[in-house]
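# Summary of structural features
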Amino acid sequence: METNQSENQVSISDSQAIEEALNESTNPDFQVIRDQFPILRRNINGHPLVYLDSAASSQKPLRVLERIDRYLREQHANVHRGVHSLSIEATDAYEEARNTIAVHVGAADSSEIVFTRGTTESINLVASSWGDTFVKEGDEIILTKMEHHSNIVPWQILAERTGARLNYVDVTADGRLDMNDLDRLLERRPKLVSFTHVSNGMGTLNPVIDIVERAHAVGALTLIDGAQAAPHLQINVEELGCDFYAFSAHKMCGPTGVGALWGRRDLFEIMPPYQSGGEMISEVTLEGSRWAEVPHKFEAGTPNISGVVGFGEAVQFLNDVGLDTIAVHENSLKKYALERLTAVEGLTLYGPREERTSVFSFTYGDIHPHDLSTILDQNGIAIRAGHHCNQPLMDHFGISATARASFYLYNTHNEVDALCEGLQMAAKVFGGIA
Amino acid sequence: MTDPQNPARTDREIPSTLNTLYRELILDHYRKPRNKRALDDATHAITMNNPLCGDVIELLLRVEDGRIAEACFLGRGCSISQASASMLTGRVRNKTPEEVLELSKKFTQLLHGDESLLSDSDLGDLRALAGVSKFPVRIKCALLGWNCLDELTEGEVLPAESP
Ligand SMILES: Cc1ncc(COP(=O)(O)O)c(C=O)c1O
């Protein structure tokens, strides 16, 4: 963590890339993408919306909105239940989305995708179903100090229920995982290592393949929280080698209230149902029930069908734009934002310079992040202020909150400038920064 | 383009809503908080936080003969929560629990936009926080210290002599 660092000089080729990307206003390909997001045409407090809070939730492209609308207008019925044509159509749309998402993350089979309400529920599913079955008193689970609360609290509750013990991998001063600390904790032969792919608090991109290999070497299973990674990176669970991967639709251009858990089929087979009721059984008698096949045994009750259909469309949208195209654009934004933000006097940026995504957590002089957010909002700029469900990480840095600006495929270099101008406005409101 | 070397240099006008929120008096209390220290002979203390943002305020009171002889606070948070707590410690001195409750009610009404209270001298400096009414999400910030006070008075803890 350095203040006001300006060593991030851009090389000539970088500045060329920036030059090109700066032409967003004239680049027709980019405009086509941005125009897909009607909300970005809004004015907020008299200024054009500058939406820099995609790490909390992304905006939705028209084709996702239209797909959900068409499903509800023309195709809706309950799934997996009816013999009638509409129910079959709805079931097909639902299962097609499962297939799209399975292919997208490189799953061996679509039955390895369980639909949930989002990352939080995906992690809870593993903590309850796998955890209650396989975790015993004295067992250890490794988490990290940069986890979102949703990858901490379910394990704390499991630990309380079972008498298991949690250990947290330390974070370095520049916001990376301390791999030596990981190795030290792995010597204790944990049952599971559950960690985030990308930190929502700092944008750190963790060396996931390396972590999975080290965990497997001592016989631990691995769960990756992909909430902040799946929107930006091409995920391939085979290459990652992990055992579970959790992600949310709403951060990747899809609707809220839906997400997925990818899990290895053999693990899903031996895990008991998570919730119980309809949809997840194959036979119920008054004496007992038999569970449905994977993945249905984990999807009790009528699912969020329209949400799942929208999720599938969102993933197709990302594929059609191309995650590599998105990465080029985001890398250019990231470089430019790093260059501009590190040049702001009094600004402290958290997290590493390399191996990161375009999530920027910072503090600015003695201006509290809340005040910063209020002032930016009056200029139409939406950022997040607070602890970002990352309190252990904030404690680690001895702060209570940061301001966080996060970028996505639809953001522009001009919006980086707008952010920096907003910061100047904040300094002006506060009569300079201290 | 902006000039990164000069933080406060922007040609843009500060929107008037921001000027009414961040009055000089508020920034002054934020940067130079009054009575922000431990109170060794406190008879009452309570800590409250805003779980949404992690702001924390600990309010410490010394009550003598049924009146607040001294009020101090500790904690961290945004300019609004800190300035409000700082002003609070000045306004509640020598007040009885009933008077404090009355003041707290009036202040809450002010934050909810009751402009008739702008001429209420009992509120004193606190009236500088009236601009918060235009920012409903920030009302919680302004009330954090007062929630501590309400908790102490409504819990009828206040009249007691010792902690
Ligand atoms: C890293 C990380 N994990 C988990 C979550 C929780 O995701 P959801 O709220 O969609 O369940 C988030 C969302 O903020 C996140 O950023």
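The following refers to the structure shown. (Residues numbered from 1 in each chain as written. Chains lettered and ligands numbered in written order. Predicted model: local features only at pLDDT ≥ 70, side-chain atom pairs only at ≥ 80, totals over all residues. Heavy atoms only, no water.)

Bringing the overall build of chain B into the picture now. Each helix and strand counted, chain B has five helices and three strands in total. For chain B, the α and β elements follow one another from N to C terminus as α-α-β-β-β-α-α-α. For chain B, the residues scored as buried account for 50% of the 163 residues in total. Counted over contacts in chain B with a minimum sequence separation of 6, partners at least 24 positions apart contribute 59%. Of the roughly 7900 Å² of accessible surface on chain B, 48% is carried by carbon and sulfur atoms. (Helix = DSSP H or I, 4+ residues; strand = E, 2+ residues; numbered from the N terminus. Buried < 20%, exposed > 50% of the residue type's maximum accessible area, 1.4 Å probe, protein only. Contact = heavy atoms within 4.5 Å. Areas by Shrake-Rupley, 256 points an atom, 1.4 Å probe, with all protein chains shown as cover.)

Here we take up the packing of aromatic side chains. All names here are of chain A. All told, the structure shown has 15 aromatic pairs over all chains when counted by the stated rule. With centroids separated by 6.3 Å and ring planes inclined at 45 degrees, the aromatic side chains of F244 and F268 adopt a geometry described as tilted. One end of the pair, F244, is in strand β9 (residues 244-248); the other, F268, is in helix α10 (residues 265-270), and 24 residues separate them in sequence. Assessed through its relative accessible area of 0%, F244 is described here as buried. Aromatic rings pair up to connect Y94, F115, Y245, F247 and F311 into one cluster. (Phe/Tyr/Trp six-rings, centres within 6.5 Å; stacked < 30°, edge-to-face > 60°.)

In the segment running from V294(A) into P295(A), the intervening peptide bond is cis, with an omega of 5 degrees. On the secondary structure map, P295(A) appears in the loop between β12 (288-291) and α11 (305-321). Residues other than glycine seldom take positive phi values, yet N94(B) does so here, at roughly 65 degrees. Mapped onto the fold, N94(B) is located in the loop between α3 (79-91) and α4 (97-111).

All names here are of chain A. Those residues of helix α2 (residues 28-35) that fall on the buried side of the exposure criterion are F30, I33 and R34. One side of α2 carries all its buried residues, which in axial view fall inside an arc of 95 degrees. Residues of α2 that are exposed and point more than 90 degrees away from the buried face comprise P28 and V32. (Arc of directions from axis to C-beta.)

Facing 35 residues of chain B, the contacting portion of chain A comprises 34 residues. Both sides together, the interface formed by chain B and chain A hides about 2900 Å², and carbon and sulfur atoms give 52% of it. The salt bridge involving R12(B) is made with E421(A); its shortest N-O contact spans 3.1 Å. Summed over the shared surface of chain B and chain A, the number is 14 residue pairs in polar contact (both at pLDDT 80 or more). Those elements that provide at least two residues to the side of chain B that touches chain A are α1 (16-21), α2 (24-31) and α3 of chain B. (Buried area = accessible area lost by both parts, 1.4 Å probe. Salt bridge = Lys/Arg side-chain N within 4 Å of Asp/Glu carboxyl O. Polar contact = N/O pair within 3.5 Å; in protein donor to acceptor, adjacent residues only side chain to side chain.)

Moving on: the side chain of K297(A). All names here are of chain A. Examined against the element boundaries, K297 turns out to sit in the loop between β12 and α11. It turns out K297 is buried and unbridged, and the closest side chain with the opposite charge, E269, is 5.3 Å from it. A polar contact is formed between the side chain of K297 and the backbone oxygen of E269, at a distance of 3.1 Å. (Lys, Arg positive; Asp, Glu negative; His and termini not counted.)

A few words on the nonpolar core. Buried together is how nonpolar side chains tend to be arranged in soluble globular proteins. In this structure, Y22(B), I80(B), F107(B) and L129(B) are the most contacted members of the largest nonpolar core, which totals 76 residues. Each residue touching F107(B), except ones within four places of it in the same chain, is listed here: S84(B), L123(B), L126(B), L129(B), A142(B), L143(B) and W146(B). Ranked by size, the runner-up nonpolar core spans 74 residues in total, among them V212(A), C242(A), V321(A) and F397(A). (Core = buried A, V, L, I, M, F, W, Y, C linked by side-chain atoms within 4.5 Å.)

It is worth spelling out the pairing of strand β11 (residues 281-285) of chain A at this point. Residues and elements named next belong to chain A. Inspection of the sheet shows β11 paired to β12 by four bridges, in the antiparallel sense. Residue pairing in the sheet places E283 in a bridge with R290 of β12. The loop that links β11 with its antiparallel partner β12 comprises two residues. (Pairing = 2+ DSSP bridges.)

So, on to the sheet that holds strand β1 (residues 44-50) of chain B. All names here are of chain B. Read from one edge of the open sheet, three strands run β1-β2-β3, paired in antiparallel fashion. Here the strands that pair on one side only, and so sit at the sheet edges, are β1 and β3 (67-76). Geometrically, the sheet is characterised by an average inter-axis angle of 20 degrees between neighbouring strands, direction not taken into account. (Axes fitted to C-alpha atoms, helices over the stretch in contact; angles between N-to-C directions.)

On to the site of the ligand, then. Residue and element names in this part refer to chain A. If you check the shell around the ligand, you find 13 residues, and the closest are T120, D225, Q228, S248 and K251. At 3.4 Å from an oxygen atom of the ligand is found a main-chain nitrogen or oxygen belonging to T119. One nitrogen or oxygen atom from the side chain of H148 is found 3.2 Å from an oxygen atom belonging to the ligand. Against a free-state accessible area of 400 Å², the protein chains account for coverage of 85% of the ligand. Of the residues belonging to the shell around the ligand, the class tally is one nonpolar, 10 polar and two charged. (Near = heavy atom within 4 Å. Nonpolar A, V, L, I, M, F, W, Y, C, P; charged D, E, K, R; others polar.)

All names here are of chain A. Taken N-terminus to C-terminus, the directions of helix α3 (residues 62-75) and α11 make an angle of 145 degrees; their axes are 9 Å apart at the nearest point. Both α3 and α11 take part in a crossing whose hand is right-handed. Contacts between α3 and α11 involve R63, V64, R67, I68, Y71 and L72 from the former and I305, S306, V309, G310, E313, A314, Q316, F317 and D320 from the latter. Along the lines of polarity and charge, the residues of the contact of α3 with α11 split into eight nonpolar, three polar and four charged. (Left-handed = near helix turned anticlockwise from the far one by under 90°.)

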